[in-house]
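Chains, contacts and geometry: an overview
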Amino acid sequence: RSVNIVAFGNERDGFSEDNQQSSLIWSYLGRSALISETESSVVLNSANHIRNLVFTEYQARVFGNVRLVVHDCPLWDIFDSDWYTSRSLIGGADIIVIKYSVNDKTSFQELKDSYVPMIKKALNHCSVPVIISAVGARKNEVPCTCPLCTSDRRSCVTTSEGIQLAKELGATYLELHTLNDFYIQKYFGGVLEYFMIQSLNQKSSDKMKKRKKTQKCHRVKPPQLEQPEKMPILRGEASHYDSDLHNLLFCCQCVDVVFYSEDLKKVVEAHKIILCSVSHVFMLLFNVKSPADIHDSAIIRTTQSLFAVNNEAVFPVLSSSSSCDPPVRVVVKDSVFCSCLSDILHFIYSGAFQWERLEEDIKKKLKDPEKIEHVLEKVKCILKIPGKLNNLKDCRSHQIKRLCNTSLRLFFNTPVLADVIFKIQGATVPAHKAVLVARCEVMAAMFNGNYLEANNILVPVYGVSKDTFLSFLEYLYTDSCCPASILQAMSLLICAEMYQVTRLQHICELYIITQLQSMPSRELASTRLSIVSLLRKAKFHNSDCLSTWLLHFIATNYLIFSQKPEFQDLSVDERNFVEMHRWPSDMYLKQLADYRNYIHSQKCYCTVM
């Protein structure tokens, strides 16, 4: 017997310097008198030579001989980078724990707006108990629990907000002011152990029902139905989002800004869209936002002290940019900062979270500790969020990533800094060549080769709908997509094949497979969705893995598809494949018919049929 618990979220404060603070799950496993033989292991995801924490797995014994497995996922990024794993974790969970810090309003708002809808969708077909744990004591005096009071809602998560979130998920809401013995063992542990007992009782009940259903006739054994053949497994492709943007810095395509030293020597070329997606300093420098929009004097001072836009004719003529408009020339006023600018841009283009590597690069270049500290402080000022204190005294990669995550989503489908406009189905869609060139090789060839699109601002798009093309662009900007239906996923797969974006193809294939696998037999029999039509499109657009899987899917559900008119549209080779791998087999159906005739002749009842 076993109980599986999945915990999502980080209960630590967003700006806490106490990195050794015990987690809620670890504290419970270490203190509960019912828990024994606790073991833990960390699962990492390696992509682009960067190792990211996916989840920590704990295994222990509870109630004496019950196996307890806990997956603790502190980062919500798992829903964006690996939604297939996150959905598998939720699907196998007996209890779900969602935890957050009451002093981290930003993280709570992100949970409520972005990830709660995903969790609700994943829980749509199952009834799993959910526990929401609000951890910590609010730091701005005693909070008011009145739903109409907004005195502490800007900095802390109020009780009413937590209760409202619990109502949306049908969850149990707990407030743990501190992780001491009372709150861990008696309060949180009591609720968790109640749901453990409920889960074990439900499993025992289901096991008894299954045992009764599988009682066999003693006279003649029914024919054994073999399991269907295992379908081919589709494995997702690792994300190369950060490396794509980082390579853009090396290739110098679509450059629209050039940095110079004070003596007018060229230092490095860059792209406004990438810089502005990371920092409000660059938004202010390139007039994306005005000082009135930012409302932060520190950012304004940083911009004025570090950079100056200069359009005088004393600069040399540049030939590397393919843009019709000349690049913006920016003079770096701080000579020490200017000497490290190339390393800083590598840090920004890599996703602005490899802080330790940036420190090492600057220390190698600058031997003076004061100069090193000066440059690092300037970088922190560039990454500063308006209206928040820049108190990152002990910067680490995971902290910088939370505060300064590159967000090209802000510039998706907006005319701000756009240098190309797609015309599709009578509508226009603005975009940015730098992002398109970095993320799509076909677009890179189109905008940098001997094509009309290289010098035209207005580019027509044919063979795809506006909604599908917008979903395609959204993936290029954000590295994520969420199709609304199987048909939309197939349209997006076709668009991805057109522009040769293989990872998006794999994502669409996995979405189609996951949706079909979760479809009940009754719905599969009545649906108007043509699986054979999907098979035709998958073959035509070189999706070999999906087409092979669909053939196995038709063979595995032979009794359903053989009754549909579309079954006749299969080719001779496809029909032969399906007949060879059909489930259940023709021999089994004959044996079953003989067995049923025997049962009726003996005037007894078949518990199987």
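The coordinates are above.
Here we summarise the structure given alongside this text. (Residues numbered from 1 in each chain as written. Predicted model: local features only at pLDDT ≥ 70, side-chain atom pairs only at ≥ 80, totals over all residues. Heavy atoms only, no water.)

1. Focus: the packing of helix H21 (residues 502–517) against helix H24 (residues 544–556)
Running from N to C, H21 and H24 point in directions that differ by 10 degrees, and their axes come no closer than 10 Å. As far as their axial angle goes, H24 and H21 are roughly parallel. In this structure, H21 uses Glu 509, Ile 512, Ile 513, Leu 516 and Gln 517 to contact H24, whose residues at the interface are Cys 545, Leu 546, Trp 549, Leu 550 and Phe 553. Classifying every residue of the contact of H21 with H24 gives eight nonpolar, one polar and one charged. (Axes fitted to C-alpha atoms, helices over the stretch in contact; angles between N-to-C directions. Helix = DSSP H or I, 4+ residues; strand = E, 2+ residues; numbered from the N terminus. Parallel < 35°, antiparallel > 145°, perpendicular 65-115°, else oblique. Contact = heavy atoms within 4.5 Å. Nonpolar A, V, L, I, M, F, W, Y, C, P; charged D, E, K, R; others polar.)

2. Focus on the side chain of Lys 272
For Lys 272, the location among the structural elements is in helix H8 (residues 272–278). No salt bridge forms around the buried Lys 272; measuring N to O, its nearest opposite-charge neighbour Asp 256 is 5.2 Å away. Not counting the four nearest positions on each side in its chain, Lys 272 is found in contact with Asp 256, Val 257, Phe 286, Val 328 and Leu 417. (Buried < 20%, exposed > 50% of the residue type's maximum accessible area, 1.4 Å probe, protein only. Lys, Arg positive; Asp, Glu negative; His and termini not counted. Salt bridge = Lys/Arg side-chain N within 4 Å of Asp/Glu carboxyl O.)

3. Brief notes about the sheet that holds strand E13 (residues 427–431)
Two modes of strand pairing occur in sheets, parallel and antiparallel, and in both the strands are linked by backbone hydrogen bonds. Across the sheet, three strands lie side by side as E13-E12-E14; this open sheet has mixed pairing. Pairing within the sheet leaves two strands with one partner each, and these edge strands are E13 and strand E14 (458–460). Strand-to-strand twist in this sheet, taken as the mean axis angle between neighbours without regard to direction, amounts to 30 degrees. Sheet topology places strand E12 (residues 420–424) next to E13; five bridges connect them, and they run antiparallel. When the bridges of E13 are listed, Val 420 appears paired with Ala 431. (Pairing = 2+ DSSP bridges.)

4. What about the environment of Val 257?
Examined against the element boundaries, Val 257 turns out to sit in strand E8 (residues 257–260). Excluding residues within four positions of it along the chain, Val 257 makes contact with Glu 269, Ala 270, His 271, Lys 272, Leu 275, Phe 286, Pro 327, Val 328 and Val 330.

5. A word on the pairing of E12
In E12, alternate side chains face the same way, and those of Val 420, Phe 422 and Ile 424 are buried while those of Ile 421 and Lys 423 on the opposite face are not. In sequence, E12 turns back onto E13 through a hairpin of two residues, with Gln 425 there showing a positive phi of about 50 degrees. As paired strands, E12 and E14 are joined by three bridges and run parallel to one another. Within the sheet, the bridge partner assigned to Lys 423 lies in E14 and is Pro 460.

6. Notes on the sheet that holds E8
Ordered by their spatial adjacency, four strands build an open sheet running E9-E8-E11-E10, and the pairing between neighbours is mixed. The open sheet has two free edges, formed respectively by strand E9 (266–270) and strand E10 (307–309), since each of these has just one partner strand. The mean angle between the axes of side-by-side strands here comes to 25 degrees, regardless of whether they run parallel or antiparallel. Of the pairings in the sheet, the one linking E8 to E9 comprises four bridges and is antiparallel in character. In the strand pairing of E9, Phe 259 is matched with Val 268. Of the strands in this sheet, E10 and strand E11 (328–332) touch helix H11 (residues 297–306), which is tilted by about 70 degrees from E10. Across the sheet, helix H13 (residues 341–349) touches E8, E9 and E11, and the angle it forms with E9 is around 10 degrees.

7. Some words on the pattern of salt bridges
Going through the model one piece at a time under the given rule, you end up with 17 salt bridges. Of the charged contacts in the structure, one is a salt bridge between Lys 380 and Glu 377, with a shortest N-O distance of 3.4 Å. Here Lys 380 and its partner Glu 377 are both found in helix H15 (residues 369–382), three residues apart, which amounts to about one turn of the helix. Between Glu 574 and Lys 539 there is a salt bridge, and its shortest N-O distance comes to 2.7 Å. Of this pair, Glu 574 sits in helix H26 (residues 572–581) while Lys 539 is found in helix H23 (residues 531–540), placing the two residues 35 residues apart along the sequence.

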